[in-house]
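Spelled out from the first residue to the last, the chains are:
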Amino acid sequence: QTRLRVSNWLPPSHPIVADMMRPWAEAVSDATEGRVEVEIMEAPLGPPQAQFDIVATGQADVGYGVHGYTPGRFVLTQVAELPFLGDSAEAVSVAYWRLHEEMLAEAGEHRGVKVLSVFAHGPGHVYTTGTEVDGIDDLQGLKLRTGGGIVNAIAKELGAVPLLEPSSKTYEILSAGIADGILFPHESVPFFRLDGIVRHGAIVPRGLYNTSFFVAMNEAVWDGLSPEDQEAVMSVSGEAFARRAGQAWDAADAAGREKMVAAGISFVTLSDDEVARIAEKLKPVEARVFGEMAEKGVDGEAALQALRDRVEAYGN
Amino acid sequence: MEAWLIGILALLALLLCGLPIAVGMLLVGGIGVGLLLNPTAALAMLGQIAYQTGLNYELSVVPLFILMGNLIVQAGLADKLYAASQAWLGHRKGGLAMATVMACGGFSAVCGSSLATAATMAKVAMPPMRRYGYAPSLAAGTIAAGGTLGILIPPSVILVLYGVTTQQSIGELFLAGLVPGILGILLYLAAVRLTLFLQPEAGRAAERLPLADRLRALRGVGGVLVLFVVVIGGIYLGVFTATEAAGIGAFGAFVIALLRRALTLRSLYAVLIDTAATTAMMFFLLIGATMFTNFVNVAGLPRDLTAFIDGLDLGPVAVLAAILVIYVLLGTVLESLSMVLLTVPIFYPIVQGLGFDLVWFGILVVVVTEISLITPPIGLNVFVLNSVMKDVPMQAIFRGVVPFVLADLVRLAIILAFPALVLIIPRTMG
Amino acid sequence: MAGDGTRHLPVRLERGVSLSLGLGAAIFLLAMMLVTTVDVAGRYLFATPLPGAFELTQLLLAATVFAGLPLVTLKEEHVSVTLLSERLKGRAAALHGALSSALSAAVFIVVARQLGVQAMRLASYGDTTSLLRIPMAPLAWTMSVLAGLTAFILVALAVSHLLGAIRGRR
Ligand code: NA
Ligand code: NA
């Protein structure tokens, strides 16, 4: 029997733990008829940005994390952080996994690990404490907390002042009024206890940004599994995991939105005209990502188009 | 025997042999992880921890708050604080000791470390107390105890580390320390009076100063007051984050030192080096503690501890009380920083699981840590005083702190009984 | 604190290390202070925070800490429990110092090596900071070298304690 230890850096109630990793652990046990058992560790072995290395160097057998937390390392995965990918995390995640298999994986950015899945959270929107945002003009000079990477560039191109702060500081800088707002998916606002602080949500159809996640297994551990077990593990990982993850985010987003409505937060959906203006403004961000992807031999424009097409086609 | 228990015993044995605490934690933690997982993983973990700890943005407050305190000393404001306290309290019975408590409290408002507060105040407050024939035990005991205020009254390095470990807002923790800190000052004043009640000859009164002189003495503390108001007020009003406040505070202290013409290139250099060395020492401890914590986590201590506590079937309050007793006991042998770094990661999930507020628990941890700083056999503040004033025997200092330890226990009980005292200010922040 | 004010190292080594690293650490610290101040001032006065203040602070912090390590080691100021060891006198104390320094040196050699491994990983993946795109590998190399220097100092201390033990005095 093989026992896989999963590095875990989120609280047990977080959707990634409760609705993605735990069900996956059970699915792995079932699929391998108990030959592979999965243990999700209680205490983190390192900070979020160290998770990829923790898996790659064998400190844990399996782990999950955010590609953007190690800037410069993952270039191709930035395609899943770009604006307007889609309203359903399920569709985006499944489409993203397929794109990864077909166009991104062969560049070998995930050296040292076996990629079990990639996925995305729900569409990112704009939340503010004071100013009501219903278009690009309201964003000018607004201090918005971002986590770095593409979303930072997006905030800047739109005329906002991005404040790069770790997610652990979101509560402090918003409650204290250091930032005027934040870019987040619905789920994260209540999760970071911000539903009592932000007052307005500006919904950007198909999302202003997204975040790319990975689930990975140490390569040597993967090689040590029998071909039969490898196949069984992948039968519940890959696309199956992406679908489960997307569904979990969608559910968490819906619950988050309900909580926010109950907390009296008002929502505005940006008009088509405003979305078009935003898209125009964000062309340079896309162009920069395409340029970086080209250096790794991937046609970024085609990849983005393929991703959007697949999201569109999902479920039809 | 459980692996984590063997590890803890091995660590205690190594530490008692006098190995640097950080080295001991790295050795036991590294070997433990190597045996439980595999040596490659242990080595990778070590490199990872050293690298990530060095780059931890939130910990940038540690050197910056230390720098702020060092610059304030360089600017001569510690002396001014004492002079002002003496002008107002010195003529009372035991007045110089009470002035020392006040000055320690004031200095704590611009210094994040307990040791630095005790060391600074020893140089400033000891000579006048000697001049007026204060009993060495009372004089040294007051300074050793007064120094502990340094980690409760914000800014506080210990609260920063607690906040980073438990992911609590450092700003809230700082503000939470205010009321208990003032309570600490008041109870320490009472402890001075208690000592004098028991030993009437321990401290005689100094001359009473005319009002004009007393008012003039107050001007000297203006700089400290302004800096405290800017730093803590800035956090409270949300002008900047607690992390940024450290940089602003250090810059403010720098400006004050410049204005007072207290900085030469040479003295600035000395202050900076001193700060860097202290910072490195603390970070090395932190790296060791993180490695050791990872080891006990891998060895399943959190799970076993939770199961043990569940099995005891005690109420939440009894569990909390048990944890605090463990702290007081550990505190007799462990140095404060190491103690917090070692124990908080283990206990906070339990405390959280019991439904207690982690900001409140943070203040409780600091108060018990303060006790550890002045209790034998390992009381770091006492050691510091002993090294600054070689002629006062260690036993005399430990005897002198007894009333202050009682004051600390009273404060602990008050905070336990009235959590609102801790939480009222942070909850109205922003 | 284990510092007892006794000199254990050649004066020239001590001065050389203190001066070069001291200057470095001093500059990093001052820069850290100024970065925050300029960032906050820029945010309020001009609505333009200093770009990359966050990551500059991170890099400066790591540099300060690791430049400080040889300094604090040189002064033998690492925290330890001196309850029993302070009772040792003469040869026993010197032997204790030698053993303790040697074990510490061993630990720092491993730390230096692993930071080197970390640096090579970072270089191979091409890790950078988020905004300013500063490569991370050179920083990790610097950390590794400074940890190595700390190990070297500890070896020198161990040797000097050992010589003291052999000569039978401190
Ligand atoms: Na303080
Ligand atoms: Na103690």
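This text goes with the structure placed above it.
The sections below set out a description of the structure shown in this document. No experiment lies behind these values; they were computed from the predicted model shown.

Each helix and strand counted, chain B has 22 helices and zero strands in total. By the compact-globule yardstick of 22 Å for 430 residues, chain B fits well, its C-alpha radius of gyration being 22 Å. Expressed along its principal axes, the backbone C-alpha trace of chain B runs to roughly 70 × 50 × 45 Å. Counting only residues that meet the buried cut, chain B has 66% of its 430 residues in that class. The long-range fraction of contacts in chain B, counting pairs at least 24 apart against all pairs at least 6 apart in sequence, stands at 80%. Working note: accessible area of chain B is about 14700 Å², and carbon and sulfur atoms make up 69% of it. Positive and negative charge centroids in chain B, built from 20 and 17 side chains respectively, lie 19 Å apart.

Turning our eyes to something else, we now look at the interface of chain C and chain A. Taken together, the contact pairs 18 residues of chain C with 23 residues of chain A. Carbon and sulfur atoms make up 50% of the surface buried where chain C meets chain A, a total of about 1600 Å² over both sides. Note that C:Asp127 is salt-bridged to A:Arg73, the shortest N-O span being 2.8 Å. For the pair chain C and chain A, the interface holds six residue pairs in polar contact (both at pLDDT 80 or more). Of all elements in the fold, only helix 1 (11-45), helix 2 (53-74) and helix 3 (90-125) of chain C reach the threshold of two or more residues within the side of chain C that touches chain A. The biggest single contributor to the side of chain C that touches chain A is helix 3 of chain C, with five residues.

At the interface, 58 residues of chain C touch 56 residues of chain B. At the boundary of chain C and chain B, one finds one salt bridge. Across the pair B:Glu244 and C:Arg43 runs a salt bridge whose closest N-O atoms are separated by 2.7 Å. Summed over the shared surface of chain C and chain B, the result is seven residue pairs in polar contact (both at pLDDT 80 or more). If you list the elements that add at least two residues to the side of chain C that touches chain B, you get helix 1, helix 2, helix 3 and helix 4 (137-167) of chain C. Here the side of chain C that touches chain B takes 17 residues from helix 1 of chain C, the largest share from any one element.

Our next topic: helix 2 (residues 21-36) of chain B. In this model helix 2 of chain B runs 22 Å from its N-terminal to its C-terminal C-alpha over 16 residues, within 8% of the 22 Å that 1.5 Å per residue would give. Counting buried residues along helix 2 of chain B, 13 of its 16 residues qualify, which places the element largely inside the surrounding structure.

Right, let's talk about the pairing of strand 10 (residues 212-218) of chain A for a bit. Residue and element names in this part refer to chain A. Here strand 10 lies mainly inside the structure; seven of its seven residues are buried. Where strand 3 (residues 62-66) and strand 10 come together, five bridges link them in antiparallel fashion. Bridge pairing in strand 10 places Tyr 64 opposite Val 215. Note that strand 4 (residues 113-120) and strand 10 share seven bridges and pair antiparallel. Within strand 10, the residue paired with Lys 114 across the bridge is Met 217.

Residue and element names in this part refer to chain A. Applying the stated criterion across every chain, the model contains 20 salt bridges over all chains. Here Arg 73 ties to Asp 53 by a salt bridge, and the two come within 2.8 Å at their closest N and O atoms. On the criterion of sequence distance, the pair formed by Arg 73 in the loop between strand 3 and helix 3 (89-104) and Asp 53 in helix 2 (residues 51-56) is long-range, its members being 20 residues apart. Taking the relative accessible area as the measure of exposure, Arg 73 reaches 1% and is therefore buried. The residue Arg 243 makes a salt bridge to Glu 239 at a minimum N-O spacing of 2.9 Å. Of this pair, Arg 243 and Glu 239 both sit in helix 9 (residues 238-262), four residues apart, which is roughly one turn of the helix. We classify Glu 239 as partly exposed; its relative accessible area is 25%.

Residues and elements named next belong to chain B. The topology assignment puts Ser 85 in helix 5 (residues 77-89). Residue classification places Ser 85 among the buried residues on the basis of a relative accessible area of 10%. One polar contact links the side chain of Ser 85 to the main-chain carbonyl oxygen of Leu 81, over a distance of 2.9 Å. Contacts of Ser 85, omitting those with residues within four sequence positions, involve Gly 90, Ala 99, Met 102 and Ala 103.

Moving on, we come to the packing of helix 11 (residues 283-295) of chain A against helix 12 (residues 300-313) of chain A. What describes two packed helices is the angle between their axes and the distance between those same axes. All names here are of chain A. Put simply, helix 11 and helix 12 touch, their axes get as near as 8 Å, and they point 115° apart. Put simply, helix 11 runs roughly perpendicular to helix 12. Of the residues in helix 12, those touching helix 11 at Glu 286, Phe 290 and Met 293 are Gly 300, Glu 301, Ala 303, Leu 304 and Arg 308. Grouping the amino acids of the contact of helix 11 with helix 12 by side-chain chemistry returns four nonpolar, one polar and three charged.

Turning to the side chain of B:Ser372, a few remarks are in order. By the element assignment, B:Ser372 lies in helix 19 (residues 358-374). Here the side chain of B:Ser372 touches B:Thr369 through a polar contact of 2.5 Å, landing on its backbone oxygen.

Here the focus is the coordination of the sodium ion (ligand 1). Residues and elements named next belong to chain B. All of the protein donors around the sodium ion (ligand 1) are Ser 108 (O), Cys 111 (O), Gly 150 (O), Ile 153 (O) and Pro 155 (O); their distances to the metal are 2.2 to 2.4 Å. Each donor residue of the sodium ion (ligand 1) lies on one chain, and together they are spaced S-x2-C-x38-G-x2-I-x1-P. Pair noted here: Cys 111 is in the loop between helix 6 (95-108) and helix 7 (114-131) and Ile 153 is in the loop between helix 8 (136-148) and helix 9 (157-166), with a separation of 42 residues, a long-range link. Of the two residues examined, Cys 111 and Ile 153, each falls in the buried class.

A few words now on a nonpolar patch on the surface. All names here are of chain C. A contiguous nonpolar patch, built from Leu 95, Ile 109, Val 155, Val 159, Leu 162, Leu 163 and Ile 166 and spanning about 610 Å² of accessible area, is present on the exposed surface. Counting only elements with at least two residues in the nonpolar patch, the list comes to helix 3 and helix 4. Per element, the largest residue contribution to the nonpolar patch is five residues, and it comes from helix 4. Tracing the backbone through its elements, the reader meets Leu 162 in helix 4.

Next up on the list: the pairing of strand 8 (residues 181-184) of chain A. Two faces make up the sheet, and in a regular strand the side chains alternate between them. Residues and elements named next belong to chain A. In strand 8, alternate side chains face the same way, and those of Gly 181 and Leu 183 on one face and Ile 182 and Phe 184 on the other are all buried. Bridge analysis of strand 5 (residues 125-128) against strand 8 gives four bridges, and the strand direction is antiparallel. Bridge assignment links His 125 to a residue of strand 8, and that residue is Phe 184. Pairing geometry for strand 6 (residues 143-146) and strand 8, over two bridges, is parallel. For Leu 144, the partnering residue across the bridge sits in strand 8 and is Gly 181.

Residue and element names in this part refer to chain B. For helix 16 (residues 301-312), which comprises 12 residues, the first-to-last C-alpha distance of 16 Å matches the rise-based estimate of 16 Å (1.5 Å per residue) to within 8%. Along helix 16, the positions that sit buried rather than exposed are Leu 301, Pro 302, Leu 305 and Ile 309. All buried residues of helix 16 lie within an arc of 95° about the axis, which places them on one face of the element. Along helix 16, the residues that are exposed and aim more than 90 degrees away from the buried face are Asp 310 and Gly 311. Phi turns positive, to about 60°, at Asp 313, one or two residues after helix 16.

With 222 residues, the main nonpolar core has B:Met129, B:Tyr327, B:Phe361 and C:Phe66 as its most contacted residues. The element best represented in this core is helix 15 (residues 265-298) of chain B, accounting for 20 residues. Judged by nonpolar contacts, the second largest core, of 74 residues, contains A:Leu104, A:Val115, A:Phe290 and A:Ala306.

Here we take up the environment of B:Leu421. Residue and element names in this part refer to chain B. Here Leu 421 lies in helix 22 (residues 420-423). Here the alpha-carbon distance between Leu 421 and Leu 178, two residues 243 residues apart in the chain, equals 9.3 Å. Here Leu 421 is in contact with Val 179, Pro 180 and Ile 414, once residues within four sequence places are set aside.

The next subject is the sheet that holds strand 9 (residues 200-203) of chain A. Residue and element names in this part refer to chain A. Sheet architecture is open: six strands sit in the order 7-6-8-5-9-11, paired in mixed fashion. Unpaired on one side and paired on the other, strand 7 (161-164) and strand 11 (266-269) mark the two borders of the sheet. For this sheet, the mean angle separating the axes of adjacent strands, direction not counted, is 30°. Across the face of the sheet, helix 4 (residues 150-157) comes into contact with strand 6, strand 7 and strand 8 while running at roughly 155° to strand 7.

Rules of the game
Residues numbered from 1 in each chain as written. Chains lettered and ligands numbered in written order. Predicted model: local features only at pLDDT ≥ 70, side-chain atom pairs only at ≥ 80, totals over all residues. Heavy atoms only, no water. Helix = DSSP H or I, 4+ residues; strand = E, 2+ residues; numbered from the N terminus. Rg over C-alpha atoms; globule rule 2.2 N^0.38 Å. Buried < 20%, exposed > 50% of the residue type's maximum accessible area, 1.4 Å probe, protein only. Contact = heavy atoms within 4.5 Å. Areas by Shrake-Rupley, 256 points an atom, 1.4 Å probe, with all protein chains shown as cover. Lys, Arg positive; Asp, Glu negative; His and termini not counted. Charge placed at Lys NZ, Arg CZ, Asp CG, Glu CD. Buried area = accessible area lost by both parts, 1.4 Å probe. Salt bridge = Lys/Arg side-chain N within 4 Å of Asp/Glu carboxyl O. Polar contact = N/O pair within 3.5 Å; in protein donor to acceptor, adjacent residues only side chain to side chain. Expected span 1.5 Å × (residues − 1). Pairing = 2+ DSSP bridges. Axes fitted to C-alpha atoms, helices over the stretch in contact; angles between N-to-C directions. Parallel < 35°, antiparallel > 145°, perpendicular 65-115°, else oblique. Nonpolar A, V, L, I, M, F, W, Y, C, P; charged D, E, K, R; others polar. Donors = N, O, S within 2.8 Å, 3.2 Å for Na, K, Ca; no water. Patch = residues over 30% accessible without salt bridge, like charges linked within 9 Å, V, L, I, M, F, W, Y side chains within 5 Å. Arc of directions from axis to C-beta. Core = buried A, V, L, I, M, F, W, Y, C linked by side-chain atoms within 4.5 Å.

Read these as spatial facts, not as claims about activity.
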